[in-house]
Amino acid sequence: MSGEKDVTIYDIARALNISAATVSRGLKDHPAISSTTKKKIFEAATNMGYRFNSFASNLRTKRTNTIGIIVPRLNSAFMSDVIAGIEKVANDEGFNLIISQSLETEEKEAKNALTMFNSRVDGLLVSLASGTKGIEHFEPFIRKDVPLIFFDRVQEHEQCVNIVIDNFKAASEITAHLISEGCRKILHISGNQIRNVYKDRFRGYREALAEHGIPFDRDWLIVNDLSPASGIQVAEEVLKMKDLPDALFFANDACAVSCLLALKRMGVKVPGQIAIAGFNNDPSSLIVEPNLTTINYKGFEMGEVAARMLIRYLNKNSELNLPGTIMLRHELLVRASSTRTQA
């Protein structure tokens, strides 16, 4: 079965009874062609199913009007918000997006980066995988002066911009809150300490303990993939401990919510026996009962900031301050899962 032949500028020219040269110029928005004629050409092209040759146009302009995005996972409420923020700005400015996920592995991230490079994206926005140890796979972009912006999960580089929140301060604040609720044996459940977000949250947690004269015990740090399944494992592990902790501070909400529900099923009172806090302010934090204490930082805003900065640079309206770090706001949201003094 053979498909229909592609519509050409000659087909459009015959339909409108004008020259192919006029059609070609009209499709390129040439100033010599009147707006009325251009409108007729574009309407005919659309109605006839003409496919605009963006590839040829890209060769002329050396631009694809495409931005690449690499995130750890697409099934993350936070990353979905970030992408929505990027998409809003990109669409308003006439840019398309190519989106991929690393699935938390450096190998997949490197393959995604190569695909983006070969697709000639104008710029790249990246949140690194938990397992990424280096950023050598992004060097082709850096050598070609293709702008590269890291957000949330970042790595320092003299030719890249990072967009983050103050994870150290946020973790210190949430730990201090748990201490103010009378908690002294606070476990921290974190992710791979290679990543800035988890390393900084752990540092903030330890700093708050030290400021309140609470010695840190190595057994108080649990490192896993912060998945819901790991949350159940944490609940089981905690209940096997001889000395039950009085609080759990998770580096994300997904793992915290799962653990909270598991502990409740096992008969543990939250927050009466164990207070729980998370991080990210995922929608699930307000669905679980009791509602989860967490840190709010706006993924949509982070996406907007990243996209706006990149596009302004691409449009030559501003320079990237290299190297540079943009720190966005965060907010401690105290909810019922940690308010032991009122339980």
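Right above here is the structure, for reference.
Everything quoted here is computed from the prediction, not taken from an experiment. (Residues numbered from 1 in each chain as written. Predicted model: local features only at pLDDT ≥ 70, side-chain atom pairs only at ≥ 80, totals over all residues. Heavy atoms only, no water.)

Participant: How should I be thinking about the overall build of the protein in this particular structure?
Facilitator: The number of helices and strands found in the protein is 13 helices and 12 strands. Expected size for 343 residues packed as a compact globule is a radius of gyration near 20 Å; at 26 Å, the protein overshoots this value by more than 25%. Taken along its principal axes, the extent of the C-alpha atoms in the protein is 85 × 40 × 35 Å. The buried share of the protein, taken over its 343 residues, is 49%. Intrachain contacts of the protein at a sequence separation of at least 6 include 73% that bridge at least 24 residues. Within the protein, the 40 negative side-chain charges are centred at a point lying 5 Å from the centre of the 41 positive side-chain charges. (Helix = DSSP H or I, 4+ residues; strand = E, 2+ residues; numbered from the N terminus. Rg over C-alpha atoms; globule rule 2.2 N^0.38 Å. Buried < 20%, exposed > 50% of the residue type's maximum accessible area, 1.4 Å probe, protein only. Contact = heavy atoms within 4.5 Å. Lys, Arg positive; Asp, Glu negative; His and termini not counted. Charge placed at Lys NZ, Arg CZ, Asp CG, Glu CD.)

Participant: Explain the sheet that holds strand β8 (residues 247-250) to me, please; I cannot follow it from the model alone.
Facilitator: Within a sheet, neighbouring strands are paired by backbone hydrogen bonds and run either parallel or antiparallel to one another. Taking strand neighbours across the sheet as the criterion, the 4 strands line up as β7-β6-β8-β9 in an open arrangement whose pairing is parallel. Unpaired on one side and paired on the other, β7 (221-223) and β9 (275-277) mark the two borders of the sheet. Averaged over all neighbouring strand pairs, the angle between strand axes comes to 15°, with direction disregarded. Here 4 bridges tie strand β6 (residues 186-190) to β8, and the two strands are oriented parallel to one another. Directly across from Leu-187, in β8, lies its bridge partner Leu-248. Contacts between helix α9 (residues 196-211) and the sheet are confined to β6, β7 and β8, with β6 contributing the most and set at about 170° to the helix. In this fold helix α11 (residues 253-265) packs onto β6, β8 and β9, with an angle of close to 150° to the strand it touches most, β8. (Pairing = 2+ DSSP bridges. Axes fitted to C-alpha atoms, helices over the stretch in contact; angles between N-to-C directions.)

Participant: Before we go on, may I ask you to explain the environment of Val-305 in this structure?
Facilitator: Its location among the elements puts Val-305 in helix α13 (residues 299-314). Distance in space between the C-alpha atoms of Val-305 and Phe-151 is 9.7 Å, their sequence separation being 154 residues. Apart from the residues lying within four places of it in its own chain, the contact partners of Val-305 are Ile-163, Ile-326 and Leu-328.

Participant: Help me understand the nonpolar core, please; the structure alone is not making it clear to me.
Facilitator: Soluble globular proteins tend to pack their nonpolar side chains together in the buried interior. If you look at the biggest cluster of nonpolar residues, it comprises 71 residues, and the most contacted ones within it are Ile-163, Ile-186, Ile-189, Leu-248, Phe-249, Phe-250 and Ile-276. Membership of the second largest hydrophobic core comes to 17 residues, among which are Ile-70, Leu-128, Val-146 and Leu-148. (Core = buried A, V, L, I, M, F, W, Y, C linked by side-chain atoms within 4.5 Å.)

Participant: Explanation requested: the pairing of β8 in the structure shown.
Facilitator: Where a strand is regular, its side chains alternate between the two sheet faces. Across the two faces of β8 the burial is the same, with Ala-247 and Phe-249 and Leu-248 and Phe-250 all buried. Pairing geometry for β8 and β9, over 3 bridges, is parallel. Residue pairing in the sheet places Phe-249 in a bridge with Ala-277 of β9. In this fold, β8 hands off to α11, which returns the chain to β9; that crossover is right-handed. (Right-handed = clockwise from strand over helix to strand, strands pointing away.)

Participant: What am I meant to see in the state of the cysteines here?
Facilitator: By the definition in use, this model includes 0 disulfides. Free of any disulfide, Cys-255 has its nearest cysteine sulfur in Cys-259, 6.7 Å distant. Take Cys-255: its relative accessible area is 0%, and that puts it in the buried class. Classification of Cys-259 as buried rests on a relative accessible area of 0%. (Disulfide = S-S within 2.5 Å.)

Participant: Got a minute to help me understand the packing of aromatic side chains in this structure?
Facilitator: For any pair of aromatic rings, the description rests on two quantities: the centre-to-centre distance and the angle between the ring planes. Here the structure, examined in full by the defined rule, presents 7 aromatic pairs. Aromatic pair Phe-279 and Tyr-297: ring centres 6.1 Å apart, planes at 70°, arrangement edge-to-face. Separated by 18 residues along the polypeptide, Phe-279 in the loop between β9 and α12 (284-287) and Tyr-297 in the loop between β10 (294-296) and α13 bring together distant segments of the chain. Of the two residues, Phe-279 and Tyr-297, both sit in the buried class. (Phe/Tyr/Trp six-rings, centres within 6.5 Å; stacked < 30°, edge-to-face > 60°.)

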